[in-house]
Amino acid sequence: YISESVASSEREAVERYVPLARAQFELGEYAAAESALRKVLAVHKDDPEVLNNLGLVLNAQAKYHEAEEQFEKALNMVESIPGGGDPVRTTVILNNLALMKFKQGKYKDAKLLYDKALAIGKQAGLPADPNFAARLSNLAEVYLEEGNYTEAELLSKSALDIDEQALGHDSLAVATDLNALASVYEKQGKYKDAERLYKRALDIDKNGSGPKSRLNLTKTQTNLAGLYASQHRYVEAEALYTSSLTIKRKLLKPDDPSIAISLSRLAELYVSQGRCVDAAKLGVQALAIDEKKVDGDPRYVAADLNILGVAHLCQRRSEEHTSELQS
């Protein structure tokens, strides 16, 4: 619909490219979204929101250097406004820049940016804002990757408390917070605590309505399945992975990268069970999706190749073992 409106009204086309880019971004059509935003920037060169959006699109394509340039430009523009600019807009850009640094494994840089965003939020009186909670959760993820479980747990609990008070105990944001806190417990080997939180998040997601709630459900199912797999509870893990994959195939395009992730996770589970042929079939399907995504993250292709290689090695060892038994 937005594309049709752009084509029918050249005078307002520039303004309409922004929502078009947003729709394309949500659909995973990153190259198209980038093209739309660059058309806007050709006219509005000093719009920090457009620059921020372009940074997000470039980041999704793993064009980190270009993305950082756009985020920095947007940040400089906002911070140069007399009085320090809009704190909400500033913290949003800082958060996006920090997420990009985290994605690259630059945890120290990400932590500094998150700390700055949180400090601005506190000074502006934003701690009760769900966006503030999201930044706490993001910073917790950095600490989790660094192995600082104590700090990660404290931040995750704070984010959960804020969202429960601001949005209610059954909101999708709370389900996301529960997943984050559960992952902290899982890393510490507190499997019962982690399972309890994952199941609570699962109940929230199941009771929600709409595609977003269903997709949130697939994330929780995947997390809980991973917990079960680590405990060798393969039957329960497979049921959750399969359910997640089924939901994604109903809601998403056949070549969506999220489907490839589910295929890869299920393939890993099959390898753990010695189901080498099944694992290899899923690995091939996942690789076909990720290789087709020319503007996607190459690390997903590498992960697919790895699991496919492990599946073939598993299959070869199984065949050699069978041959020895027969002889």
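What comes next concerns the included structure. (Residues numbered from 1 in each chain as written. Predicted model: local features only at pLDDT ≥ 70, side-chain atom pairs only at ≥ 80, totals over all residues. Heavy atoms only, no water.)

Another aspect to go through is the overall build of the protein. Within the protein, the regular secondary structure consists of 16 helices and zero strands. Counting the 327 residues in the protein, one finds 43% classified as buried. Across the protein, the fraction of contacts at a sequence separation of at least 24, relative to all contacts at a separation of at least 6, is 54%. (Helix = DSSP H or I, 4+ residues; strand = E, 2+ residues; numbered from the N terminus. Buried < 20%, exposed > 50% of the residue type's maximum accessible area, 1.4 Å probe, protein only. Contact = heavy atoms within 4.5 Å.)

In the structure shown here, the tally under the stated rule is one disulfide. Disulfide partner of Cys-276: Cys-314, at an S-S distance of 2.0 Å. The S-S bond linking Cys-276 to Cys-314 shows a torsion near -55 degrees; that makes this disulfide left-handed. One end of the pair, Cys-276, is in helix α15 (residues 276-292); the other, Cys-314, is in helix α16 (residues 298-326), and 38 residues separate them in sequence. (Disulfide = S-S within 2.5 Å.)

So, about the packing of aromatic side chains. One pass over the full model with this rule turns up two aromatic pairs. Measuring from centroid to centroid gives 5.4 Å for Phe-102 and Tyr-107, while their planes differ by 50 degrees, and the two rings are tilted. (Phe/Tyr/Trp six-rings, centres within 6.5 Å; stacked < 30°, edge-to-face > 60°.)

This next bit is on helix α12 (residues 211-230). With 20 residues, α12 should reach 28 Å at 1.5 Å per residue; the first-to-last C-alpha distance of 29 Å fits that figure. Residues of α12 that are buried sit in contact with α10 (172-187), α11 (191-207), α13 (234-251) and α14 (257-272). A positive backbone phi angle near 65 degrees is found at His-232, which sits one or two residues after α12. (Expected span 1.5 Å × (residues − 1).)

So, about the pattern of salt bridges. Summed over the entire model, instances satisfying the criterion amount to 18 salt bridges. Between Glu-79 and Lys-116 there is a salt bridge whose closest N-O contact spans 3.1 Å. Separated by 37 residues along the polypeptide, Glu-79 in helix α5 (residues 64-79) and Lys-116 in helix α7 (residues 107-123) bring together distant segments of the chain. With a relative accessible area of 31%, Glu-79 lands in the partly exposed category. (Salt bridge = Lys/Arg side-chain N within 4 Å of Asp/Glu carboxyl O.)

Now for the side chain of Asn-179. In this fold, Asn-179 is placed in helix α10. A polar atom in the side chain of Asn-179 sits 2.9 Å from the backbone oxygen of Ala-175. (Polar contact = N/O pair within 3.5 Å; in protein donor to acceptor, adjacent residues only side chain to side chain.)

This part covers the environment of Lys-63. Here Lys-63 shows up in the loop between α4 (48-60) and α5. In contact with Lys-63, other than residues within four places in its own chain, are Glu-34 and Leu-58. Separated by 3.2 Å, the side chains of Lys-63 and Glu-34 make a polar contact.

This part covers the packing of α12 against α13. With their axes 8 Å apart at the nearest point, α12 and α13 run at an angle of 155 degrees to one another. Taken as axis vectors, α12 and α13 run roughly antiparallel relative to one another. Seen along the crossing, α12 lies across α13 with a hand that is left-handed. From α12, Pro-211, Arg-214, Leu-215, Leu-217, Thr-218, Gln-221, Thr-222, Leu-224, Ala-225, Gly-226, Tyr-228 and Ala-229 reach across to α13, where they touch Tyr-234, Glu-236, Ala-237, Leu-240, Tyr-241, Ser-243, Ser-244, Ile-247, Lys-248 and Leu-251. Looking at the contact of α12 with α13 residue by residue, the classes come out as 13 nonpolar, six polar and three charged. (Axes fitted to C-alpha atoms, helices over the stretch in contact; angles between N-to-C directions. Parallel < 35°, antiparallel > 145°, perpendicular 65-115°, else oblique. Left-handed = near helix turned anticlockwise from the far one by under 90°. Nonpolar A, V, L, I, M, F, W, Y, C, P; charged D, E, K, R; others polar.)

The subject of this paragraph is unusual backbone geometry. The residue Ala-62 is not glycine, and still its phi comes out positive at about 65 degrees. Relative to the helices and strands, Ala-62 resides in the loop between α4 and α5.

Here we take up the packing of helix α8 (residues 130-146) against helix α9 (residues 149-167). In the contact formed by α8 and α9, the axes pass within 8 Å of each other and the chain directions differ by 160 degrees. Considered as vectors, α8 and α9 are oriented roughly antiparallel to each other. For the element pair α8 and α9, the recorded crossing hand is left-handed. Packed against α8, whose contacting residues are Pro-130, Phe-132, Ala-133, Leu-136, Ser-137, Leu-139, Ala-140, Tyr-143 and Leu-144, the element α9 presents Tyr-149, Glu-151, Ala-152, Leu-155, Ser-156, Ser-158, Ala-159, Ile-162, Asp-163, Ala-166 and Leu-167 at the interface. Its residues assigned to classes, the contact of α8 with α9 shows 15 nonpolar, three polar and two charged.

Below, the discussion takes up α15. In an α-helix there are 3.6 residues to a turn, and that puts residues three or four apart on one side. The terminal C-alpha atoms of α15 lie 24 Å apart, and with 17 residues this matches the ideal 24 Å at 1.5 Å per residue to within 8%. Those residues of α15 not exposed but buried are Cys-276, Ala-279, Ala-280, Leu-282, Gly-283, Ala-286, Leu-287, Ile-289 and Asp-290.

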